[in-house]
Amino acid sequence: MTLAVLRLSHRIIRDKRITTHLALTARAFGASEFFYSGDHDSKIEESIEDVCKQWGGKFLITHIGKPLKFIKEWKKNNGVVIHLTMYGVELSDNLQKIIEILEKETLVVVGGAKVPGTIFELADYNVAIGHQPHSEVAALAVLFDNVFEEEVRKKRFSDAKLEIIPSERGKQTKKIK
Ligand code: SAM
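Cut-off values and rules
Residues numbered from 1 in each chain as written. Predicted model: local features only at pLDDT ≥ 70, side-chain atom pairs only at ≥ 80, totals over all residues. Heavy atoms only, no water. Phe/Tyr/Trp six-rings, centres within 6.5 Å; stacked < 30°, edge-to-face > 60°. Helix = DSSP H or I, 4+ residues; strand = E, 2+ residues; numbered from the N terminus. Buried < 20%, exposed > 50% of the residue type's maximum accessible area, 1.4 Å probe, protein only. Near = heavy atom within 4 Å. Polar contact = N/O pair within 3.5 Å; in protein donor to acceptor, adjacent residues only side chain to side chain. Areas by Shrake-Rupley, 256 points an atom, 1.4 Å probe, with all protein chains shown as cover. Pairing = 2+ DSSP bridges. Axes fitted to C-alpha atoms, helices over the stretch in contact; angles between N-to-C directions. Contact = heavy atoms within 4.5 Å. Left-handed = near helix turned anticlockwise from the far one by under 90°. Core = buried A, V, L, I, M, F, W, Y, C linked by side-chain atoms within 4.5 Å.

Novice: So what exactly am I meant to see when it comes to the packing of aromatic side chains here?
Specialist: Geometrically, a pair of aromatic rings is defined through the distance of the ring centres and the angle of the planes. Evaluation of the coordinates by the stated rule reveals four aromatic pairs. With a centroid separation of 4.6 Å and 50 degrees between ring planes, the pair formed by Phe35 and Phe70 is classed as tilted. Here the residue Phe35 occupies a position in strand E2 (residues 33-38), and Phe70 occupies one in helix H3 (residues 67-76), the gap between them amounting to 35 residues. The exposure classification of Phe35 matches that of Phe70, with both residues buried. Relative to Phe120, the ring of Tyr87 has its centre 6.4 Å away and its plane inclined at 55 degrees; by these criteria the two rings are tilted.

Novice: Even after reading the chapter, I still don't get the site of the ligand, so can you show me in this structure?
Specialist: Residues in close proximity to the ligand total 18 residues, the closest being Leu84, Gly111, Ile129, Gln132 and His134. Between Thr85 and the ligand, the recorded distance is 3.5 Å, taken from a backbone N or O atom to a nitrogen atom. One of the side-chain N or O atoms of His134 is found 3.1 Å from a nitrogen atom in the ligand. Considering the ligand on its own, with 570 Å² of exposed area, one finds that the protein chains cover 71% of that surface.

Novice: How should the sheet that holds strand E1 (residues 3-10) be read in this particular structure?
Specialist: Consider a sheet: its strands pair through backbone hydrogen bonds, and that pairing is either parallel or antiparallel. Strand order in the open sheet formed by six strands is E3-E2-E1-E5-E4-E6, and the pairing between neighbours is parallel. Each end of this open sheet is capped by a strand with a single partner; those strands are strand E3 (60-63) and strand E6 (125-128). The mean angle between the axes of side-by-side strands here comes to 30 degrees, regardless of whether they run parallel or antiparallel. Here helix H2 (residues 42-55) sits on the sheet in contact with E1, E2 and E3, set at roughly 175 degrees to E3.

Novice: Explain the side chain of Asn126 here, please?
Specialist: Looking at where Asn126 falls in the secondary structure, it is placed in strand E6. Among the polar contacts listed, one links the side chain of Asn126 to the backbone oxygen of Phe120, at a separation of 3.0 Å.

Novice: How should I be thinking about the packing of helix H1 (residues 16-28) against H2 in this particular structure?
Specialist: Axis angle and axis distance: for two packed helices, these are the angle between their axes and the distance between the axes, and together they describe the pair. Closest axis-to-axis distance for the H1/H2 pair is 10 Å, and the angle between their directions is 30 degrees. Along this stretch, H1 crosses H2, giving a crossing that reads as right-handed. Every residue of H2 that contacts H1 at Lys16, Thr19, Thr20, Ala23, Leu24 and Arg27 is listed here: Lys43, Ile44, Ser47, Ile48, Val51, Cys52 and Trp55.

Novice: Even after reading the chapter, I still don't get the environment of Ser9, so can you show me in this structure?
Specialist: If you trace the backbone, Ser9 turns up in strand E1. The spacing of Ser9 and Pro67 is 58 residues in sequence and 9.0 Å in space, taken between C-alpha atoms. Apart from residues lying up to four places away in sequence, Ser9 is in contact with Asp15, Ser37, Gly38 and Ala113.

Novice: Help me understand the nonpolar core in this model?
Specialist: Counting 34 residues, the largest nonpolar core has Phe34, Leu84, Ile98, Val108, Leu143 and Phe144 as its most contacted members. Listed by contribution, the elements that provide at least two residues to this core are E1, H1, E2, H2, strand E4 (80-90), helix H4 (95-101), strand E5 (106-110) and helix H6 (136-153). Residue contributions to this core peak at nine residues, all from H6. Each residue touching Leu143, except ones within four places of it in the same chain, is listed here: Leu84, Leu91, Ile98, Val108 and Ile129. Counting 14 residues, the second largest nonpolar core, distinct from the first, contains Leu8, Phe35, Val81 and Leu107.

Right, dumping it as structure tokens:
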């Protein structure tokens, strides 16, 4: 199973933090790949790669030039596309189906500024996390948390150099290598 996230229309100046947070959320909640369109931003790629070196796991971040072509190819290769949008069908009304889908080759698409109508048509599922506007980071985290629950929150990452020792107070970590 491949679980990947595609972030549309990254803007290097305005979206630096939110796209970084989106990639970190994708990684922490079990995705193995993160694609983004819009501006190519090597700083974001470097910062995500640094996190992976320290905290482990296999996670790739790749810029793509043509998101529509990319989505079409994903579908041609039998992948499923879930688009997160407040206009879609509310997650809790389709949760079982979405859980089954996320066991397959799945691309979760989240927007930036102005998502083109074609994305709504190309997506196999347009999924809403509530019908109020909020954030791509929140939408992704709520989707993955509903589907994977504590299994993913407690997952340990391979090749991690650092791990947290959970504690009620303070910050404790241990070095693995
Ligand atoms: N100003 C932007 C615009 O004009 O489209 C706002 C888009 S919103 C901040 C960015 C992305 O967050 C959306 O494209 C969607 O993927 C996600 N999002 C926001 N609210 C959502 C909701 N209630 N359900 C699912 N996804 C949501």
